[in-house]
Amino acid sequence: MISRRSFLAAAGGTIISIGLPGAFIRPSEARQRDLAAETRPDGKPRLPPGQFAVEKIQDMGGTPGSATFENWSLRIQGEVEKPVVLSYQELLALDQVHITCDIHCVTGWTLLDSAWSGVRLTTIMDMVKPQRKGGFIIFEAAHGYTSNLPISATQKENVILAHSFFAEKLPPQHGAPVRVVIPDRYFYKSAKWLEGIKVSSRDEPGFWETLGYSDSADPWKEERHQI
Ligand SMILES: Nc1nc2c(c(=O)[nH]1)N[C@H]1C(S)=C(S)[C@@H](COP(=O)(O)O)O[C@H]1N2
Ligand SMILES: [Mo]
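A quick note: this is a predicted structure, and the numbers were derived from the prediction, not measured.

Asks: Sorry if this is basic, but what is going on with the side chain of glutamine 58 here?
Replies: You can see glutamine 58 is positioned in the loop between strand 3 (52–54) and strand 4 (73–78). Given the relative accessible area of 15%, glutamine 58 is considered buried. Within polar-contact distance, the side chain of glutamine 58 engages the backbone oxygen of lysine 56 at 3.0 Å. Not counting residues within four places of it along the chain, the set of residues in contact with glutamine 58 comprises Ala23, Phe24, Trp109 and His174.

Asks: Could you clarify how one ought to interpret the nonpolar core in this entry?
Replies: Taken as a class, soluble globular proteins show a tendency for nonpolar side chains to be buried jointly. Counting 37 residues, the largest nonpolar core has Ile76, Leu91, Phe139, Leu161 and Ile197 as its most contacted members. Those elements that provide at least two residues to this core are strand 4, strand 5 (84–87), helix 2 (88–93), helix 3 (121–128), strand 8 (136–141) and strand 13 (194–200). Looking at this core, the element that brings in the most residues is helix 3, giving four residues. Ignoring any residue separated from it by four or fewer positions in sequence, one finds isoleucine 76 in contact with Pro83, Val84, Leu86, Ile124, Met125, Val128 and Ile197. Val54, Trp109, Ile160 and Ala162 belong to the second largest nonpolar core, which has 19 residues in total.

Asks: Looking at this model, I keep getting lost on the layout of surface pockets. Mind explaining?
Replies: To find the voids left in a structure, one rolls a probe of water-molecule size over its atoms. Space inside the second largest pocket adds up to approximately 230 Å³. Lining the second largest pocket are Arg40, Pro41, Asp42, Arg46, Ile99, Thr100, Cys101, Asp102, Asp113, Asn158, Pro183 and Asp184. With four residues, the top contributor of residues to the lining of the second largest pocket is strand 6 (residues 97–104). Looking at side-chain class alone, the lining of the second largest pocket contains four nonpolar, two polar and six charged residues.

Asks: I would appreciate a short explanation of the site of ligand 1 in the present structure.
Replies: Inspection of the region around ligand 1 gives 18 residues, with Gln58, Met60, His174, Arg179 and Lys192 positioned closest. Here an oxygen atom of ligand 1 sits 2.9 Å away from a polar atom, N or O, in the main chain of methionine 60. Here a nitrogen atom of ligand 1 and a backbone polar atom of serine 190 are 3.1 Å apart. Within the complex, the protein chains bury 98% of what would otherwise be the 530 Å² of accessible surface of ligand 1. Grouping the constituent residues of the shell around ligand 1 by class yields eleven nonpolar, four polar and three charged.

Asks: Looking at this structure, I do not really get the sheet that holds strand 13. What am I missing?
Replies: Consider a sheet: its strands pair through backbone hydrogen bonds, and that pairing is either parallel or antiparallel. Overall, mixed pairing links the five strands, which are arranged 5-4-13-8-9 in an open sheet. Lying at the two open borders of the sheet, with one neighbouring strand each, are strand 5 and strand 9 (146–150). The sheet shows a mean angle of 15° between the axes of neighbouring strands, taken without regard to direction. Sheet analysis places strand 8 next to strand 13, joined by six bridges and oriented antiparallel.

Asks: Mind showing me how you'd approach the environment of phenylalanine 24 here?
Replies: Locating phenylalanine 24 in the fold gives a position in the loop between strand 2 (14–17) and helix 1 (29–37). C-alpha separation for the pair phenylalanine 24 and alanine 217, spaced 193 residues apart in sequence, amounts to 23 Å.

Asks: What is the right way to read unusual backbone geometry from this model?
Replies: Excluding glycine, residues mostly have negative phi values, and the peptide bonds linking residues are mostly trans. In this structure, the amide linkage connecting alanine 176 to the following residue, proline 177, adopts the cis form with an omega of 0°. Locating proline 177 in the fold gives a position in the loop between strand 11 (168–169) and strand 12 (179–181). Phi at aspartate 113 is positive, roughly 50°, even though this residue is not glycine. Within the secondary structure, aspartate 113 is located in strand 7 (residues 109–120). Using a relative accessible area of 40% as the deciding quantity, one classes aspartate 113 as partly exposed. Unlike most non-glycine residues, alanine 217 shows phi in positive territory, near 55°. Tracing the backbone shows alanine 217 in the segment after strand 13.

Asks: Would you explain the side chain of serine 200 in this entry?
Replies: The topology assignment puts serine 200 in strand 13. If we skip the residues at most four places from it in the chain, serine 200 touches Glu79, Lys133, Gly134, Gly135, Phe136 and Ile138.

What counts and how
- For every chain, the first residue of the written sequence is number 1, and numbering continues from 1 onward in sequence order.
- Throughout, the order in which chains and ligands are written sets their labels, letters from A for the former and numbers from 1 for the latter.
- A pLDDT threshold of at least 70 governs which residues receive local features in this predicted model, and a stricter bar of 80 or more applies before side-chain atom pairs are shown or counted, although totals over entire chains, interfaces and linings include all residues.
- With hydrogens and water excluded, all non-hydrogen atoms of the structure serve as input to the side-chain values.
- Going along the chain from the N terminus, every DSSP run of H or I of four or more residues is numbered as a helix, and every run of E of two or more is numbered as a strand.
- Remark: exposure states derive from per-residue accessible area (1.4 Å probe, protein chains only) relative to the maximum for the residue type, with buried under 20%, exposed over 50%, and partly exposed in between.
- Polar contacts, as counted here, are pairs of nitrogen or oxygen atoms within 3.5 Å of one another; within protein the pair requires one atom able to donate a hydrogen and one able to accept it, and residues that are adjacent in sequence qualify only if both atoms are side-chain atoms.
- Only heavy atoms enter the contact rule, under which two residues are in contact if any of them lie within 4.5 Å.
- We call a set of buried Ala, Val, Leu, Ile, Met, Phe, Trp, Tyr and Cys residues a nonpolar core when their side-chain atoms join them within 4.5 Å.
- Think of a 1 Å grid over the protein atoms and nothing else: a 1.4 Å probe that fits but is trapped marks a cavity, an open set flanked by protein within 12 Å on at least five of seven lines marks a pocket, and residues with an atom within 4 Å of a point count as lining.
- Grid points are joined across faces, edges and corners, and a volume is the space filled by probe spheres set on the points.
- In this classification, Asp, Glu, Lys and Arg are treated as charged, Ala, Val, Leu, Ile, Met, Phe, Trp, Tyr, Cys and Pro as nonpolar, and every other residue, Gly included, as polar.
- If a single non-hydrogen atom of a residue is within 4 Å of a molecule or strand, that residue counts as near it.
- Note on areas: Shrake-Rupley, 1.4 Å probe, and residue coverage restricted to the protein chains presented here.
- One bridge is not enough; two strands pair if DSSP finds at least two bridges between them.
- Convention adopted: a line fitted to C-alpha atoms gives each axis, helices being fitted over their contacting stretch, and angles between N-to-C directions are expressed from 0 to 180 degrees.

Below is the structure:
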C-alpha cells in the first residue's frame, strides 16, 4: 500500500510530490540529541513532534512559473478596500525584513536557522486593507497551485513574501522571483512562484489541502492530514 505521505499527484501533466524521498544531510547524533531538548522563545520545542533536522533545504519540486525578476507582478485583490498590483521593484521599495527561522516539511524534515529576506505580509495587508468579511487568505502561485489560511494565521511578524534566501536572490527551484514563507505552518502553505494573493470571505482549500492534507497545518499539533 502506498502511504498517504508519499503519494504522487499529477498536476498539469507534471508529476509532483509532497516529499520526494532523498538523501538527507542530517546533523550529528550529538547535535540531534541537543536539539531534542531545545525550546523556542515561545516555549514550543525546537523540533515539532515527528520531525527530524536536516542541514540543507530540500528541493521539493513543483512547476516553476515563467515570471522573471523584470516582468513579475503580484496582484492582491478580493475582499479588500484597495486592490494593488506590485512589481518586483515596488516590492523591494517596501519595508524589508530579514528573518531567521526553522521550516517544517510535512514529510518530516525540519531545516533549522534558514535565512530569508522580503516583506512582511502585514505590510502588504496594511496597504490593501482587508474588509471585515475577508477572513481568509489564498496564495495563488504559477500553474494554479494555491494554499489557504485564515488571515489570523498570517498576521505574525515572521510571515513574509521572500525574494532572498541566505542573502542571495531566491533560486528558481525554491520559488523565484517571490515565494511565501510561513515558518510556523507546514511548508506546503508557503507557495513558491507567487503570482497573486486573494482575500476571501470563505476558506478555499488549496492544492495539497484538497488532496487530504490538513487545512490548518500546525506542526506542533502534528496536523498533517485531514481528519
Ligand atoms: N507553487 C508551488 N509552491 C509550493 C509547492 C509546489 O508544488 N508549487 N510545494 C510546496 C511544498 S509541499 C513544500 S514542502 C515546499 C517546498 O519548498 P522548497 O522546494 O523550497 O523546499 O514548497 C511548497 N510550495
Ligand atoms: Mo511538502
